[in-house]
Amino acid sequence: MTKLDVKIDTLRPEYARALEQLQRDCFPTLADDELMNEAHFLNHCRLFPEGNFVALVGDRVVGLGSGFLIDFDFDHAQHSFQEIIDGGFYSHHDPDGDWYYGGDISVHPDYRRRGIGSKLYRARMAIVKALNRKGIVAGGLIPDYVHHKDHLSAQAYVDLVVAGELYDSTLSFQLGRGFEARGLLRDYIEDEASDNWATLIVWDNPEYQPRKAD
Ligand SMILES: CC(C)(COP(=O)(O)OP(=O)(O)OC[C@H]1O[C@@H](n2cnc3c(N)ncnc32)[C@H](O)[C@@H]1OP(=O)(O)O)[C@@H](O)C(=O)NCCC(=O)NCCS
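Not measured: the values here are computed from a predicted model. (Residues numbered from 1 in each chain as written. Predicted model: local features only at pLDDT ≥ 70, side-chain atom pairs only at ≥ 80, totals over all residues.)

Focus on the overall build of the chain
- On a plain count of helices and strands, the chain comes out with 6 helices and 7 strands.
- Secondary structure elements in the chain, listed N-terminal to C-terminal, are β-α-α-β-β-α-β-α-β-α-α-β-β.
- Projected onto its principal axes, the C-alpha coordinates of the chain cover approximately 50 × 45 × 35 Å.
- Considering the chain as a whole, with its 214 residues, one finds that 37% of them fall into the buried category. (Helix = DSSP H or I, 4+ residues; strand = E, 2+ residues; numbered from the N terminus. Buried ≥ 20, exposed ≤ 12 C-beta atoms within 10 Å, placed from the backbone.)

And the structure:
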């Protein structure tokens, strides 16, 4: 396989339209109203451009790692995707928030398994470290649960993926990058493959130094 020349750039308005198409290409099982569109990306660009990343091969937008800062409350962790991302606008972004909430990571199907997703995660962790925040938190989908949901509960499935006994194309990738699974989020998203479940995944910033009043 030829080596890809991939560039990671921060989000700019000129990428917004291509990102809308990328959403459709990357999430074929998601309901239309779960997908982000051009207006959403323009807002991310206005709020937190330095924390939102695009992967480019030449001029082509092939990947996205997007998110925002928030004081995530682990004692009340249950939330839905639409609620926390404010319908895709990321308007809960708090420049002083302790955590980077991962709103989306996606790589075009033609470019997967070539290290682009990992590069996007590294870019996110680099901004988390540069801003001295606690880490990255997200709802990780479990798209391969669809093959097991008739005989395993979501919890049993995630336990087996965490133990390395089952492979999930999204959750296994995230665990391999440095995330830990810290519970399940029910009715997180309307997605038949994940059966509407997500895993609460957390990747702590090992360099975090206490700030604010903690
Ligand atoms: C999850 C996702 C972002 C991963 O992106 P990606 O670019 O394929 O990720 P990478 O290439 O960095 O890593 C994926 C796997 O390929 C492997 N890989 C990386 N480079 C490789 C190469 N050159 N050759 C073979 N395998 C390679 C990695 O080791 C990794 O395997 P592992 O998980 O067993 O460790 C992508 O699959 C995707 O867009 N999925 C659909 C959207 C989605 O579900 N997003 C997450 C929502 S929570």
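Re helix 4 (residues 116-130)
- Its 15 residues give helix 4 an end-to-end C-alpha distance of 21 Å, which sits within 8% of 21 Å, the value for a rise of 1.5 Å per residue.
- Of all the residues in helix 4, the buried ones are I116, G117, L120, Y121, R124, I127 and V128. For helix 4, the angular spread of buried residues about the axis comes to 145 degrees, placing them on one side. Among the exposed residues of helix 4, those pointing more than 90 degrees away from its buried face are A126 and A130.
- Looking one or two residues beyond helix 4, the residue adopting positive phi is N132, at roughly 55 degrees. (Expected span 1.5 Å × (residues − 1). Arc of directions from axis to C-beta.)

Section: the pairing of strand 5 (residues 135-141)
- Within strand 5, 7 of the 7 residues are buried, which leaves it mostly tucked inside the rest of the structure.
- Covered by surrounding structure in strand 5 are G135, V137, G139 and L141 together with I136, A138 and G140, the residues of both alternating faces.
- Across 3 bridges, strand 4 (residues 99-107) lies against strand 5 in parallel orientation. If you follow Y100 over to strand 5, its bridge partner there is I136.
- Following the chain from strand 4 across helix 4 to the adjacent parallel strand 5, one finds a crossover that is right-handed.
- Relative to strand 7 (residues 198-204), strand 5 runs antiparallel, the two sharing 7 bridges. Paired with G139 across the strands is L200, a residue of strand 7. (Pairing = 2+ DSSP bridges. Right-handed = clockwise from strand over helix to strand, strands pointing away.)

Regarding the site of the ligand
- Of all residues adjacent to the ligand, which total 19 residues, the nearest are R112, G117, S118, F173 and G176.
- Among the residues forming the shell around the ligand, the class breakdown is 7 nonpolar, 9 polar and 3 charged. (Near = placed C-beta within 6 Å. Nonpolar A, V, L, I, M, F, W, Y, C, P; charged D, E, K, R; others polar.)

Some details on unusual backbone geometry
- A positive phi angle, near 60 degrees, is found at R113, a position not held by glycine.
- The topology assignment puts R113 in the loop between strand 4 and helix 4.
- Of note in the backbone geometry, N196 takes a positive phi value of approximately 70 degrees without being a glycine.
- Mapped onto the secondary structure, N196 falls in the loop between strand 6 (180-185) and strand 7.

Notes on helix 2 (residues 38-47)
- Burial in helix 2 covers these residues: H40, F41 and H44. Buried positions in helix 2, seen along its axis, are confined to an arc of 95 degrees and lie on one side of it.
- Against the buried residues of helix 2 lie helix 1 (16-26) and strand 3 (60-70). (Contact = placed C-beta atoms within 7 Å.)

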